[in-house]
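# Coordinates in review
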Amino acid sequence: MKRGLFLTLEGGEGAGKSSVITLLEEKLVEMGHEVLVTREPGGVEIAEKIRHIILDTAHVKMDGRTEALLYAAARRQHLVEKVLPALEEGKIVLCDRFVDSSLAYQGYARGLGIEQVLSINMFAIQDCLPDVTLYLDVDPKVGLARIHSNDEREINRLDLEGMKFHEQVRAGYEQVVEQYPERILRIDANQSLENVLEQIISSLVQTGKF
Ligand code: TMP
């Protein structure tokens, strides 16, 4: 069976994923690939509704495990309805966040345990891990300053967490990168967008998959 390539982007708040995805999509199309851009949580109607529940700033009472299960449920629906069909059509799927976000945010920063969160996610994704993951590593101080200077960006429930939480998210990603050194490429995202894109293209070319 012909299969496309599943490429995910990860990072803390303000890492610049959205800008990178737009430029990366252009670049991949220029290289002759068919590309589907999508995001988590969301990307299809049912998952967008779950996103709304998770990120509502009024839902301060949400329990950590409830949060982890909702992310996994949104992930499942998005995977079967959108990602897998596009991969079967041979496309490159460029997805803004996937399972590593749950490992870093819920598993590590919320303290639920990376292995525990991985196990509920394995039920949801049935071993369908990305082919390549770009982790945009940014100092939370730089990332949060970017968010607050961008008036168009909607502030969600997780943005309201303090600096300590965002530092924990970064530490969580470090653990996840160590766990999957073959799959995850770390990119220094403290730099300009042009520079970040250059690092991404050269790292992707080095994988030999593009
Ligand atoms: P976004 O700001 O990239 O759209 O992501 C929404 C928020 O959801 C962001 O704060 C990261 C968080 N998140 C998790 O905590 N766990 C997850 O599994 C995913 C996909 C996102």
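In what follows, the accompanying structure is described. These figures come from a predicted structure and were not determined experimentally.

### Focus: the overall build of the chain
Helices and strands together make up the secondary structure of the chain, namely eight helices and five strands. Beginning at the N terminus, the succession of helices and strands in the chain can be written as β-α-β-α-α-β-α-α-β-α-α-β-α. Across its three principal axes, the chain shows a C-alpha extent of roughly 45 × 35 × 35 Å. Across the 210 residues that make up the chain, the buried fraction comes to 49%. The contacts of the chain with a sequence gap of at least 6 include a subset with a gap of at least 24, amounting to 77%. Surface exposure of the chain reaches about 10300 Å², of which carbon and sulfur atoms provide 50%.

### Quick word on the sheet that holds strand β2 (residues 35-39)
Hydrogen bonds between backbone atoms are what pair the strands of a sheet, whose relative direction is either parallel or antiparallel. Strand order across the open sheet formed by five strands is β2-β3-β1-β4-β5, with parallel pairing between neighbours. The open sheet terminates on both sides in strands that have one partner only, identified here as β2 and β5 (184-188). This sheet shows a mean twist of 20° between the axes of neighbouring strands, independent of strand direction. Two elements, strand β4 (residues 132-137) and β5, share five bridges in a ladder whose sense is parallel. Paired with Y135 across the two strands is R186, which belongs to β5.

### Concerning the side chain of H166
Position of H166 among the secondary structure elements: in helix α7 (residues 163-179). Here the side chain of H166 touches E161 through a polar contact of 3.3 Å, landing on its backbone oxygen.

### What about the side chain of S203?
Position of S203 relative to the elements: it lies in helix α8 (residues 193-207). According to the relative accessible area criterion, S203 is buried, its value standing at 18%. Reaching out from S203, the side chain makes a polar contact with the backbone oxygen of Q199 at a distance of 2.7 Å.

### Topic: the nonpolar core
Formed by 25 residues in total, the largest nonpolar core has its most connected members in L103 and Y105. Going through the elements one at a time, α2 (45-55), α3 (64-88), α4 (99-109), α5 (114-125) and α7 are the ones with two or more residues in this core. No other element matches α7, which puts five residues into this core. Every residue in contact with L103, bar those within four places of it in the chain, is listed here: Y108, I114, V117, L118, V176 and Y180. Judged by nonpolar contacts, the second largest core, of 21 residues, contains V35, L94, V132 and A189.

Quick notes on the rules
- Residues numbered from 1 in each chain as written.
- Predicted model: local features only at pLDDT ≥ 70, side-chain atom pairs only at ≥ 80, totals over all residues.
- Heavy atoms only, no water.
- Helix = DSSP H or I, 4+ residues; strand = E, 2+ residues; numbered from the N terminus.
- Buried < 20%, exposed > 50% of the residue type's maximum accessible area, 1.4 Å probe, protein only.
- Contact = heavy atoms within 4.5 Å.
- Areas by Shrake-Rupley, 256 points an atom, 1.4 Å probe, with all protein chains shown as cover.
- Pairing = 2+ DSSP bridges.
- Axes fitted to C-alpha atoms, helices over the stretch in contact; angles between N-to-C directions.
- Polar contact = N/O pair within 3.5 Å; in protein donor to acceptor, adjacent residues only side chain to side chain.
- Core = buried A, V, L, I, M, F, W, Y, C linked by side-chain atoms within 4.5 Å.

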